[in-house]
Amino acid sequence: MVSLVRLLKVLSFLFLASGLNGCFEKLPMSTAHVVTEWGRQINHVYLITTVIVSLIFVAVAIPFCYAIWKFREKEGETRMPKQITGNHKLEIIWTLVPIVLLIFIFLPTLEVIMKRAEAPPEDSLVIEAIGHQWWWEFKYPSLGITTANEMFVPENTHITIKATSGDVIHAFWIPRWGGKIDTLPGIINQITYVTPSIEDAEKGDYYQGHCTELCGLSHARMRYEAVVLTKDRFQQWSKVAMQPPVIASTLEKKGQELFMSKTCFTCHAIEGTQANGKIGPNLTNFGNRRHLAAGTLNNTKDGLHTWLRDSVDSKPDYQTIKPGSLMVFGPNFELTEGDIKALTAYLQHSTAKTY
Amino acid sequence: MSNHGAPKTGLWSWITTVDHKRIAALYGFSALLFFVLGGVEAIMMRTQLIVPNNDFITARTFNSMVTMHGTTMIFLVVMPLSGAFFNFLTPLMIGARDVAFPRLNALSFWVFLFGGLLLNFGFVINEAPRGGWFGYANLTELQYTPDLSADFWAMGLQVVGLASLIASINFFVTILNMRCKGMTLLKMPMFIWTTLVTQVLLFLSLPVITIALVMITFDRHFGTGFFNPGVGGSVVLWQHLFWVFGHPEVYILILPAMGIVSEILATFSRKPLFGYSVMVYSTCAIGFLGFAVWAHHMFTTGLGPWATTFFVAATMLIAVPTGVKIFNWISTVWGGRIKITTASLFGLSFVAMFTFGGLSGIMHSSAPIDSQHQDTYFVVAHFHYVLYGGAVMGLFGGIFYWFPKISGRFLNETLGQIQFWLYMIGFNMTFFPMHFLGVQGMPRRNYTYAPDMGWDLWNFICTIGAYMTAVGGILFAINLFYSLKKGEKAPADPWDARTLEWTIPSPPPEYNFGIEPTVTHLDDFWHRKYDEEGHKKQLPPPAKYDPHAIHLPGPSYWPICLAAGLTCGAAGFFLKGFGLYVSLVGVAVILISAYGWAYEEA
């Protein structure tokens with residue numbers, strides 16, 4: 001019995017410790033580790049609220065547990081409790097105290113809401129974020145750039161995301177940057193950030209984003225990343241981002257020909273080629289992306305092979321990688337292993353840019 | 001004509017019954033069957049999420065599970081289970097012989113049952129609804145959901161909603177008109193008060209969802225485009241309509257459980273409910289404010305700062321009457337002599353779990369915090385504490401408390417207490433870690449997740465907790481069937497309780513009260529048993545009466561016919577090809593049944 005109690009103690013300690021650790025660990029989508037002003041404003045209110053509700057919980061739980069323990073019926077007890085029907089003084093107190101406590105939550109909340117409603121500065125970098133089933137399109141109207149699933153931004157810069165949708169409702173959310181905004185078809189919602197300072201100037205900082213509104217089958221496979229670069233490197237990136245692919249080998253050449261003949265070009269666009277499709281992600285920068293299929297697979301030879309094979313071989317709605325994906329082909333469509341090799345070379349090397 | 005010659009057993013007697021106690025049993029039994037279905041759906045989701053990138057079920061199945069688990073638990077479990085208590089207890093607690101409209105009562109049950117089957121029929125043809133229990137347009141439009149799944153959802157809900165609407169009018173009229181002599185409004189038991197407010201919420205909010213469902217159905221079949229932005233419609237309109245219904249719905253789910261718990265705590269503490277009149281006012285306040293907070297489900301849609309502020313304030317305000325209730329329950333227990341039974345354990349745990357869920361609710365009443373919580377597992381944790389730890393635990397308490405009255409036998413206490421602890425531990429193990437998952441950014445309704453996000457451990461623990469709860473559910477099923485046949489026989493007043501239903505035998509005779517009661521106090525039965533000092537009084541010998549002189553409505557098969565006609569009519573609406581004929585048959589059945597009903601001798 002004693003050892004059982006000890007075991008329980010150890011277990012509950014582990015549970016608590018790992019719980020707290022889990023909360024404060026720097027996970028890719030942790031809302032506890034925010035890096036922007038907006039995120040910090042939220043967490044300020046969050047902290048106040050957490051403290052207040054925790055205090056209320058303790059203030060309720062202690063007398064409640066005490067009452068259950070103290071006034072439980074003991075063996076053979078016949079005491080008749082006093083028939084108390086109420087106490088107006090007490091009831092007024094526990095109506096007023098919560099109101100006062102709520103004011104302490106309401107006022108900082110109001111402050112943050114009003115601060116967020118301020119108009120963005122003139123020179124804010126505007127990025128259009130368009131949700132699609134199930135990938136993200138990012139357009140930079142002032143720079144003439146269209147890309148997908150990776151949103152490049154310069155550090156310490158005010159940016160304005162104009163969020164909308166190409167089909168159903170999605171939601172734009174980068175947890176470590178603060179609260180989300182819905183992307184609604186037919187409506188443009190705006191959300192602003194001051195981008196965080198850079199930690200890794202060499203590679204750029206990657207912040208995980210995720211769609212958070214049920215948008216159909218592959219809602220779970222609708223991820224993206226915000227990539228923070230130094231201002232200089234962002235400048236360079238914006239110059240090369242829309243450059244056409246450079247063909248360096250015959251394999252890549254074959255890949256390009258396949259891309260233009262195997263119906264890929266009807267849905268995807270690659271700058272400087274006849275591929276001008278608007279249904280799928282723009283692939284001009286494909287070679288630079290870390291992931292493909294909206295954060296589902298690594299953008300490696302294996303990853304692209306898995307993706308193409310699954311898309312060609314399985315029926316829509318029952319694809320294993322991305323169920324319901326629009327990357328579908330007509331009957332009798334074939335892609336040999338050689339084709340995939342050539343396409344991979346073309347997509348991963350010809351479109352990769354240095355910046 | 002009275003129904004003393006009518007059959008008392010057999011299938012036909014159940015199909016044609018208009019007795020509120022038997023209809024309550026039908027409601028309860030169907031709700032528990034749907035509870036099994038909703039539970040299996042939950043277990044399938046948790047099994048899929050036990051490890052990252054799992055392929056236990058497909059994305060399509062998972063989305064159906066998400067949708068139907070929510071829809072089932074809300075519309076086909078908690079609402080009808082509450083409905084079972086409304087049915088059984090309302091006449092007994094107010095000293096009446098039946099509800100105001102007994103055949104209408106039967107109709108609402110059959111409409112509910114057939115509607116529930118229609119909702120679930122999609123599973124049979126592999127087109128189960130998968131657009132979420134909230135069915136956000138425009139995902140549910142024809143363009144994005146071309147199969148029949150969204151039609152099963154919309155029409156199924158339409159039919160189920162009709163059942164609730166009919167029932168709500170019935171109970172509203174019953175409570176206002178059929179109270180026994182002396183029972184003024186402020187002498188009604190707390191459960192009757194929460195029932196009354198629930199009915200008002202029902203008949204004010206259900207028409208909104210009815211309209212919304214008509215609009216989406218018209219969009220899908222006639223291309224009206226209410227929610228299609230391509231032709232000038234608005235997707236936000238759907239959200240407003242849905243939540244104007246959907247938030248009062250939350251209180252429709254929780255208020256009956258609050259009433260049940262108020263009765264349980266008073267009985268098992270041997271004390272009157274603390275601050276009865278304040279409890280009544282706060283119930284009304286919750287009902288009223290419940291209509292002014294719907295847009296807190298829509299903080300992230302871009303409402304603008306002032307609308308957001310209004311809904312933040314209203315949402316925070318609703319915490320005040322709710323808090324008053326919690327303090328009053330604790331004060332009810334304070335100084336009492338609490339008998340620990342399965343019923344009182346469930347009742348006490350309701351207070352604890354509901355408080356917890358209420359407090360996490362205050363956290364995301366603040367719109368900025370909500371923008372980090374919305375559609376993450378934090379919200380899943382929050383509303384399961386309120387609706388599962390709260391409503392469902394309260395309802396289980398009610399089942400254990402009133403089962404002796406319903407069946408004349410006790411549920412087994414040992415099995416009951418094991419089930420309670422499995423539920424408590426399993427429930428907290430499943431939903432407490434979900435707070436962590438939410439803070440770690442795990443979005444809801446995802447059929448899978450990547451292994452590099454750090455969510456593996458908590459998901460694993462959640463799933464194990466869900467399995468524990470499932471074991472508790474199986475124990476309850478065993479307990480139920482065992483106790484119905486072999487349970488210990490219960491006397492008329494097994495818990496030394498306070499309200500009128502305990503003055504009559506267990507199970508109650510068909511006519512409830514031989515002589516219609518007269519009350520002088522709140523908790524009248526208690527005052528008959530004890531004097532002001534708490535000394536037992538001698539109960540007067542029961543008065544003599546002739547059971548055969550009591551008029552009761554006769555059985556009728558028209559309600560089930562009319563319900564079948566309605567469901568046929570609704571289903572025909574969206575069936576391809578021969579749908580029109582199905583609908584016409586449905587309309588014919590409705591007309592014939594209504595005619596037969598109108599000219600039937602009652």
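Residues numbered from 1 in each chain as written. Chains lettered and ligands numbered in written order. Predicted model: local features only at pLDDT ≥ 70, side-chain atom pairs only at ≥ 80, totals over all residues.

## A short note on the overall build of chain B
In plain terms, the rule: Secondary structure is summarised from DSSP: a helix means a run of H or I of at least four residues, a strand means a run of E of at least two, and numbering begins at the N terminus for each. Atoms counted for the radius of gyration: C-alpha only. Globule rule: 2.2 Å times residue count to the power 0.38. Exposure classification rests on a simple neighbour count of other C-beta atoms within 10 Å of a residue's own: a residue reaching 20 or more is buried, one at 12 or fewer is exposed, and one in between is partly exposed. C-beta atoms are placed from the backbone. Contact definition: two residues whose C-beta atoms, as placed from backbone geometry, lie within 7 Å.
A tally of helices and strands in chain B yields 18 helices and zero strands. A globule of 602 residues ought to have a C-alpha radius of gyration of about 25 Å, and chain B, at 24 Å, matches this closely. C-alpha extents for chain B along the principal axes are approximately 75 × 60 × 45 Å. For chain B, with 602 residues in total, the buried portion stands at 60%. For chain B, long-range pairs separated by at least 24 residues make up 82% of all intrachain contacts whose partners lie at least 6 apart in sequence.

## What about the overall build of chain A?
Of the regular secondary structure elements, chain A holds eight helices and twelve strands. For a compact globule of 355 residues, the expected C-alpha radius of gyration is about 20 Å, and chain A comes in at 28 Å, more than 25% above that figure. Over its C-alpha atoms, taken along the principal directions, chain A stretches across nearly 95 × 55 × 40 Å. Across the 355 residues of chain A, 40% fall into the buried class. Considering only contacts within chain A whose residues lie at least 6 apart along the sequence, 67% involve residues at least 24 apart.

## So, the confidence of the model for chain B
Threshold: pLDDT measures the predictor's confidence residue by residue and takes values from 0 up to 100.
Put simply, chain B has an average pLDDT of 94, and 99% of its residues get 70 or more. When mean pLDDT is taken per element in chain B, helix α2 (residues 20-48) of chain B scores highest with 97 and helix α1 (residues 11-15) of chain B scores lowest with 92.

## Looking at the interface of chain B and chain A
Much of the literature gives interface size as the accessible area that the parts lose upon coming together. Under the convention used in this document: Any residue that is not Ala, Val, Leu, Ile, Met, Phe, Trp, Tyr, Cys, Pro, Asp, Glu, Lys or Arg is counted as polar, Gly included; the first ten are nonpolar and the last four charged.
Contacts between the two partners involve 76 residues from chain B and, on the opposite side, 76 residues from chain A. At the level of secondary structure, the elements contributing two or more residues to the side of chain B that touches chain A comprise α3 (59-94), α7 (235-269), α8 (276-289), α9 (305-317), α10 (319-333), α11 (342-363), α12 (367-373) and α14 (413-439) of chain B. Split into classes, the residues belonging to the side of chain B that touches chain A amount to 42 nonpolar, 26 polar and eight charged.

## Some remarks on helix α15 (residues 456-486) of chain B
The line we're drawing: To estimate how far a helix should reach, multiply one less than its number of residues by 1.5 Å.
With 31 residues, α15(B) should cover 45 Å at 1.5 Å per step; its first-to-last C-alpha distance of 45 Å lies within 8% of that length. All buried positions along α15(B) are accounted for by B:W458, B:N459, B:I461, B:C462, B:G465, B:A466, B:T469, B:G472, B:G473, B:F476, B:N479 and B:S483.

## Remarks on the packing of helix α4 (residues 102-121) of chain B against helix α17 (residues 558-572) of chain B
Residue and element names in this part refer to chain B. Put simply, the rule reads: All axes here are fitted lines through C-alpha atoms, helices being fitted over the stretch that makes contact, and every angle between N-to-C directions spans 0 to 180 degrees. Here a crossing is taken to be left-handed if its near helix is turned anticlockwise relative to the far helix by less than a right angle, and right-handed if that turn runs clockwise.
Running from N to C, α4 and α17 cross one another at 35°; their axes reach a closest spacing of 8 Å. Considering the relative orientation of α4 and α17, their crossing is right-handed. For the pair formed by α4 and α17, the contact residues are R103, A106, L107, W110, V111, F114, G115 and L118 on the first element and W558, P559, I560, L562, A563, A564, L566, T567, A570 and A571 on the second. Among the residues forming the contact of α4 with α17, the class breakdown is 15 nonpolar, two polar and one charged.

## Thoughts on the domain arrangement of chain A
Convention followed: For every domain, the bounds stem from an assignment made automatically or drawn from a database.
Segmentation of chain A into domains returns domain 1 (28-62 + 89-118), domain 2 (125-240) and domain 3 (250-350). For domain 1 of chain A and domain 3 of chain A, the distance between their C-alpha centres works out to 48 Å.

## Quick look at the packing of helix α5 (residues 149-177) of chain B against helix α6 (residues 190-222) of chain B
Residue and element names in this part refer to chain B. To keep it simple, the criterion reads: In these notes the angle categories are as follows: under 35 degrees is roughly parallel, over 145 is roughly antiparallel, 65 to 115 is roughly perpendicular, and the rest is oblique.
Orientation of α5 relative to α6, taken along the N-to-C sense of each, is 150°, at an axis distance of 8 Å. Taken together, the axis directions place α5 and α6 in an arrangement best described as roughly antiparallel. Considering the relative orientation of α5 and α6, their crossing is left-handed. Taken together, the residues of the contact of α5 with α6 sort by class into 18 nonpolar, eight polar and two charged.

## Digging into the nonpolar core
Definition in use: By definition, a nonpolar core groups buried Ala, Val, Leu, Ile, Met, Phe, Trp, Tyr and Cys residues that connect through C-beta atoms lying within 7 Å of each other.
Ranked by internal contacts, the top residues of the largest apolar core, which has 266 residues, are B:V78, B:V111, B:V159, B:L253, B:I254, B:V261 and B:V351. Among all residues touching B:V351, those that are not within four sequence positions of it are A:F64, B:V261, B:I326 and B:W329.

## Focus: unusual backbone geometry
Residue and element names in this part refer to chain B. Here the amide bond leading from A137 into N138 is cis, since omega sits at 5°, within 30 degrees of zero. You can see N138 is positioned in the loop between α4 and α5. Along the chain, S506 connects to P507 via a cis peptide bond; the corresponding omega equals -15°. Considering the arrangement of structural elements, one finds P507 in the loop between α15 and α16 (524-529).

## Some remarks on the sheet that holds strand β8 (residues 189-194) of chain A
All names here are of chain A. Definition in use: For two strands to be treated as a pair, DSSP must find no fewer than two bridges joining them.
The five strands are arranged β3-β2-β1-β5-β8 in an open sheet whose pairing can be described as mixed. Each having just a single partner strand, β3 (145-148) and β8 make up the two edges of the open sheet. Recorded for the sheet is a direction-independent mean angle of 25° between the axes of neighbouring strands. Where strand β1 (residues 125-132) meets strand β2 (residues 135-140), five bridges bridge the pair, whose relative direction is antiparallel. Among the inter-strand pairings, E128 is bridged to a residue of β2, identified as K139.

## Regarding the domain arrangement of chain B
Residues and elements named next belong to chain B. As far as domains go, chain B holds domain 1 (20-538) and domain 2 (554-602). If you average the C-alpha positions of domain 1 and of domain 2, the two centres end up 30 Å apart. Sorting the residues of the side of domain 1 that touches domain 2 by element identifies α4 and α5 as the ones contributing at least two each. Per-element tally for the side of domain 1 that touches domain 2: the top contributor is α4, with eight residues. Its residues placed into classes, the side of domain 1 that touches domain 2 shows ten nonpolar, three polar and two charged.

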